[in-house]
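Spelled out from the first residue to the last, the chains are:
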Amino acid sequence: MNILIIYAHPNHKSFNGAILKQVQDHLDLKHTVKLLDLYAEKFNPVLYFDEDHRRRDMAVDPDTQTYRDLITWADKLIFIFPVWWSGMPAILKGFIDRVFASGFAYSYKKMGMAGHLNGKTAWIITTHNTPGFLTPFVQDYGKVLKRQIFSMCGIKPCKLTSLAHLRGIDLKKRQKMLEKIATQASQL
Ligand code: FAD
């Protein structure tokens, strides 16, 4: 399987960096794995369009062609990012805005929309400080990416691993989380 890891954290020495390492180290060698590190790429997340840069041309924008090619190549997308203000970091939101363009990731039908990324699956791994028992009651925390964005584009099933309460738990519990990620990665 072709696996694309999309990593959105500025610091590799962070807990998210440790998650990335666990995933990379434990994916079976039968897979072909590529990493897209959005901060290392210095990805420009600002979506801009006007008369010269038309919205209808976004799906063929040469500036984002490499990223569309990577997504087309991948059978599975693994997203790793922290929750910032209830959602994904701006660099990742901008990646979705600019790369998951109409005509590439979806198109409009007479009624509703048609996903173009059918056959692909995803695994979202997010971290946050909110205690786990509260996360069913809060908005987003990875749910928007799974339920609105991926589902609309045809990416399913999508598994969401939400690692809660990072500040409030001890080292042992965080290490347990990393071990669980390693096991789940090895089972892909
Ligand atoms: P780090 O800060 O790197 O580490 C977290 C903990 O894990 C630290 O105690 C660290 O010592 C430890 N650690 C690091 N590496 C390892 C390792 N290898 N093994 C074991 N332990 C390790 N949280 C919310 O719940 N809701 C919000 O809306 C929200 N908004 C935010 C907005 C902003 C702008 C920011 C900066 C943070 C926000 N947060 C929010 C908190 C944020 O989600 C967490 O800070 C983030 O998820 C922690 O991930 P990290 O990789 O940055 O962890």
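Let me begin by describing the structure that accompanies this report.

### Notes on the pairing of strand β7 (residues 158-163)
Here is step 1: Alignment of strand β6 (residues 121-127) against β7, held across 6 bridges, turns out to be parallel. Across the sheet, the residue bridging to Thr-127 is Leu-163, located in β7.
Here is step 2: Each parallel crossover has a hand, and the one from β6 via helix α4 (residues 143-153) to β7 is right-handed.

### So, the packing of aromatic side chains
Here is step 1: One pass over the full model with this rule turns up 7 aromatic pairs.
Here is step 2: With a centroid separation of 5.2 Å and 50° between ring planes, the pair formed by Phe-79 and Phe-150 is classed as tilted. Remark: Phe-150 occurs in helix α4 and Phe-79 occurs in strand β3 (residues 76-82); sequence separation between them is 71 residues. The exposure classification of Phe-79 matches that of Phe-150, with both residues buried.
Here is step 3: With centroids separated by 5.6 Å and ring planes inclined at 90°, the aromatic side chains of Tyr-106 and Tyr-108 adopt a geometry described as edge-to-face.
Here is step 4: Under the relative-accessibility criterion, Tyr-106 is labelled buried at 9%.

### Quick notes on the pattern of salt bridges
Here is step 1: Taken as a whole and judged by the stated rule, the model has 4 salt bridges.
Here is step 2: The partner of Arg-54 in a salt bridge is Asp-57, and the shortest N-O contact between them spans 3.1 Å.
Here is step 3: We classify Asp-57 as partly exposed; its relative accessible area is 28%.
Here is step 4: We note a salt bridge from Asp-97 to Lys-93, for which the minimum N-O separation is 3.0 Å. Taken together, the residues span about one helical turn, with Asp-97 and Lys-93 both in helix α3 (residues 90-99) at a distance of 4 residues.
Here is step 5: The exposure class of Lys-93 is partly exposed, given its relative accessible area of 39%.

### Quick word on the pairing of strand β1 (residues 2-7)
Here is step 1: A large share of β1 lies buried, amounting to 5 of its 6 residues.
Here is step 2: Both β1 and strand β2 (residues 32-37) contribute to a ladder of 6 bridges, which runs parallel. Along β2, the bridge assignment pairs Ile-5 with Leu-35.
Here is step 3: In this view, the connection linking β1 to its parallel neighbour β2 by way of helix α1 (residues 15-26) has right-handed handedness.
Here is step 4: Where β1 and β3 come together, 5 bridges link them in parallel fashion. Paired with Ile-6 across the two strands is Phe-79, which belongs to β3.

### Observations regarding the nonpolar core
Here is step 1: The biggest cluster of nonpolar side chains holds 35 residues, and the ones touching the most others in it are Phe-95, Phe-100 and Phe-150.
Here is step 2: Those elements that place two or more of their residues in this core are β1, α2 (65-73), β3, α3, β6 and α4.
Here is step 3: With 5 residues, the single largest contributor to this core is α3.
Here is step 4: Filtering out sequence-adjacent residues up to four positions away, Phe-100 remains in contact with Ile-71, Phe-95, Ala-105, Tyr-106, Leu-117, Phe-150, Cys-153 and Ile-155.
Here is step 5: Of all hydrophobic cores here, the second largest spans 19 residues; its members include Ile-125, Leu-163, Leu-166 and Ile-181.

### Focus on the site of the ligand
Here is step 1: Taken together, 19 residues are adjacent to the ligand, and His-9, Val-83, Trp-85, Thr-127 and Thr-130 come closest.
Here is step 2: Contacts to the ligand include Thr-127, whose side-chain N or O atom sits 2.6 Å from an oxygen atom.
Here is step 3: The separation between an oxygen atom of the ligand and a polar main-chain atom of Asn-129 is 3.0 Å.
Here is step 4: Here the ligand loses 64% of its free accessible area of 990 Å² to cover by the protein chains.
Here is step 5: Of all elements in the fold, only α1 and α5 (171-186) reach the threshold of two or more residues within the shell around the ligand.

### A few points about the side chain of Thr-135
Here is step 1: By the secondary structure assignment, Thr-135 is in the loop between β6 and α4.
Here is step 2: Those residues in contact with Thr-135 that sit more than four places away from it in its chain are His-128, Thr-130, Tyr-141 and Lys-143.

Rules behind the numbers
- Residues numbered from 1 in each chain as written.
- Predicted model: local features only at pLDDT ≥ 70, side-chain atom pairs only at ≥ 80, totals over all residues.
- Heavy atoms only, no water.
- Pairing = 2+ DSSP bridges.
- Helix = DSSP H or I, 4+ residues; strand = E, 2+ residues; numbered from the N terminus.
- Right-handed = clockwise from strand over helix to strand, strands pointing away.
- Phe/Tyr/Trp six-rings, centres within 6.5 Å; stacked < 30°, edge-to-face > 60°.
- Buried < 20%, exposed > 50% of the residue type's maximum accessible area, 1.4 Å probe, protein only.
- Salt bridge = Lys/Arg side-chain N within 4 Å of Asp/Glu carboxyl O.
- Core = buried A, V, L, I, M, F, W, Y, C linked by side-chain atoms within 4.5 Å.
- Contact = heavy atoms within 4.5 Å.
- Near = heavy atom within 4 Å.
- Polar contact = N/O pair within 3.5 Å; in protein donor to acceptor, adjacent residues only side chain to side chain.
- Areas by Shrake-Rupley, 256 points an atom, 1.4 Å probe, with all protein chains shown as cover.

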